Amino acid sequence: MKYLYGPVPSRRLGRSLGIDPFDRKTCTHNCVYCQLGNGVSVSANELVEGVPVDDVKDEIRQFFDSGGECDFITFSGSGEPTLWKHTGEIVDFVRTNFPSKKIAVITNGTMLYRDDVREQILGVDVIVPTVSAADEDTYIRLHRPHRDASFDLQIRGVEEFAKIFEGEIWAEVMLVADVNDSEEHILKLRDMLRKISPTYIDINTPVRPPSERWVHPPDEEDVRRICVMLGENCRIVGKFHAVSEEVFEIANLGTRILDILRRRPETAESIAESLSVSLEQVKQACSALVAKKLAVKLPDGFYEARIMDSK
Ligand code: SF4
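Residue indices follow the written sequence of each chain, beginning from 1 at its first position. Local features in this predicted model are restricted to residues whose pLDDT is 70 or higher, and side-chain atom pairs enter the listing and the counts only when it is 80 or higher, whereas totals over whole chains, interfaces and linings include all residues. Side-chain descriptors were evaluated using all non-hydrogen atoms of the structure, hydrogens and water having been removed beforehand.

Caption draft 1: Local environment of the side chain of S16. By the criteria applied, helices consist of DSSP H or I runs no shorter than four residues and strands consist of E runs no shorter than two, each listed in order from the N terminus. Tracing the backbone through its elements, the reader meets S16 in strand 2 (residues 14–19). Reaching out from S16, the side chain makes a polar contact with the side chain of T74 at a distance of 2.8 Å. Beyond its immediate stretch of four places on either side in the chain, S16 contacts Y5, P7, V8, S10, F72 and T74. Pairs of N or O atoms within 3.5 Å make up the polar contacts considered here, provided that, within protein, one atom can donate a hydrogen while the other can accept it, and that residues adjacent in sequence are counted only when both atoms are side-chain atoms. Here a residue-residue contact requires only that any non-hydrogen atoms of the pair lie within 4.5 Å.

Caption draft 2: Focus on the sheet that holds strand 5 (residues 126–129). If DSSP finds at least two bridges between two strands, the strands pair. If you trace the 8 strands from one edge of the open sheet to the other, you get 1-2-3-4-5-6-7-8, paired in mixed fashion. Unpaired on one side and paired on the other, strand 1 (4–10) and strand 8 (234–236) mark the two borders of the sheet. The mean inter-strand angle of the sheet, taken between neighbouring strand axes irrespective of direction, is 25°. With 5 bridges connecting them, strand 6 (residues 168–174) and strand 7 (residues 200–204) associate as parallel partners. Bridged to M174 within strand 7 is N204. Contacting strand 1, strand 2 and strand 3 (72–75), helix 1 (residues 53–65) runs over the sheet at an angle of about 60° to strand 1. Between the N-to-C directions of two axes lies an angle of 0 to 180 degrees, each axis being a line fitted to C-alpha atoms and, for a helix, fitted only over the stretch in contact.

Caption draft 3: How the structure looks around helix 5 (residues 151–164). Taking 1.5 Å as the rise per residue, helix 5 with 14 residues should run 20 Å; its terminal C-alpha atoms sit 21 Å apart, in good agreement. With a 1.4 Å probe rolled over the protein chains alone, any residue whose accessible area is under 20% of its type maximum counts as buried; one over 50% counts as exposed, and the rest are partly exposed. Every buried residue belonging to helix 5 is among F151, L153, Q154, I155, G157, V158, F161 and A162, and all of these are buried. Structurally, helix 5 contributes buried residues whose contacts are with helix 3 (115–121), strand 5, helix 4 (136–143), strand 6 and helix 6 (183–196). The span you would expect from a helix comes to 1.5 Å times its residue count less one.

Caption draft 4: Highlighting the pairing of strand 3. Side chains F72 and T74 project from strand 3 onto one buried face, and the interleaved I73 and F75 project onto a second face that is buried too. Bridge analysis of strand 2 against strand 3 gives 4 bridges, and the strand direction is parallel. Following the sheet pairing, S16 is matched in strand 3 by F72. By the bridge criterion, 3 bridges tie strand 3 to strand 4 (residues 103–107) in an arrangement that is parallel. The partner of T74 across the bridge, within strand 4, is A104. Whether a crossover is right-handed depends on one test, that the path from the first strand over the helix to the second runs clockwise when the strands point away from the viewer. Crossover handedness for the path strand 3 to helix 2 (residues 87–97) to strand 4: right-handed.

Caption draft 5: Quick look at helix 2. Those residues of helix 2 that fall on the buried side of the exposure criterion are T87, G88, I90, V91, F93 and V94. Taken together, the buried residues of helix 2 touch strand 2, helix 1, strand 3, strand 4 and helix 3.

Caption draft 6: Summary view of the domain arrangement of the protein chain. Assigned domains within the protein chain: domain 1 (4–249) and domain 2 (250–311). The split into domains, and so the bounds of each, comes from an automatic or database assignment of domains. On a C-alpha basis, the centroid separation for the pair domain 1 and domain 2 is 23 Å.

Caption draft 7: Main features of the packing of helix 9 (residues 268–275) against helix 10 (residues 279–291). At a minimum axis separation of 9 Å, helix 9 and helix 10 run at an interaxial angle of 120°. Here helix 9 lies oblique to helix 10, going by the angle between them. Note on packing geometry: the crossing formed by helix 9 with helix 10 is right-handed. Contacts between helix 9 and helix 10 pair A268, E269, I271 and A272 from the former with L279, V282, K283 and C286 from the latter. Throughout, the term roughly parallel applies to angles under 35 degrees, roughly antiparallel to angles over 145, roughly perpendicular to angles from 65 to 115, and oblique to all others. With the far helix as reference, a near helix turned anticlockwise by less than a right angle produces a left-handed crossing, and one turned clockwise produces a right-handed crossing.

Caption draft 8: Up close: the packing of aromatic side chains. Only the six-membered ring of Trp is used, alongside the rings of Phe and Tyr, when aromatic pairs are assigned; centres must lie within 6.5 Å, and planes under 30 degrees apart are stacked while those over 60 apart are edge-to-face, with the rest tilted. Counted by the stated rule, this structure contains 7 aromatic pairs. Considering the side-chain rings of F93 and F98, the 6.2 Å spacing of their centres and the 65° angle between planes classify their relative orientation as edge-to-face. For the pair F93 and F98, one class covers both residues: buried. When the ring of W170 is compared with that of Y200, the centres are 5.9 Å apart and the planes differ by 70°; the resulting orientation is edge-to-face. Separated by 30 residues along the polypeptide, W170 in strand 6 and Y200 in strand 7 bring together distant segments of the chain. Using a relative accessible area of 29% as the deciding quantity, one classes Y200 as partly exposed. The structure contains a cluster of three or more aromatic residues connected by ring pairs, namely F63, F64, F93 and F98. For a ring to carry a charge above it, either NZ of a lysine or CZ of an arginine must fall within 6 Å of the ring centroid while also lying within 35 degrees of the normal to the ring plane. Stacked on the ring of W170, the Lys or Arg R235 has its end atom at 4.8 Å from the ring centre.

If you want it as structure tokens, here you go:
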């Protein structure tokens, strides 16, 4: 598969079949915690052609026709998926041909100020917008946006979308120590989140190797305190748990693992859980990828593809 990847172990979405609309990092942000590495941000004023839409449809059809299973089809991958011109076309395609499948969009929210973008993703089940900054200074420090993206546009877009969307909103708060974890900032964030009224507020922390080495999560006690401050619907995103029990047959384990690692570093444990294969098999396949110099093992136990799209 060239444009789909996984199913990957998502900490919220179970086994998530990813759709990657871009062949290199394409995003309106360049977040300090981004696991895709440093990149040049792109304008929030224009949609992008991205990968061939008919090929994406073919791959989705092939995946399900060959017995593939997943908990969610997720627009994510190498950047901000709502920049893609064809997001709505793929949503319609899945709804028409695979109506029982759930669709999620992981978004930084910068494009939701546009009517046409909101229209494209209105039919999905879940959107996961980033709501991590409660003021312009924090927004710029955390997300390093393109000059066409701004704090006001982002938050206004998410608020407008929330008014018309009938699915669930799982607002993601990415906490970075000494950037957005002060009590004063969290209280402002809480007020902002109340206007969006999300189903869940998900506290996330940069656990994968981030873009900037100085980026660290707050300590566990602070994360728990912040979770209480944000209210009853706040949850700390924990270890990955598969939502469904179907077993996905893996034709070529090494290739599938490499597909996952090209998008982001993962541990052998999370890959094994996602692909429903034994940890031993995954470790052997990862060792083979390392021996072939296709992947590297990082000091913290994560595996990473040797050639990342965005670097
Ligand atoms: S973390 Fe997401 S929003 Fe931020 S730069 Fe990376 S891809 Fe873009």
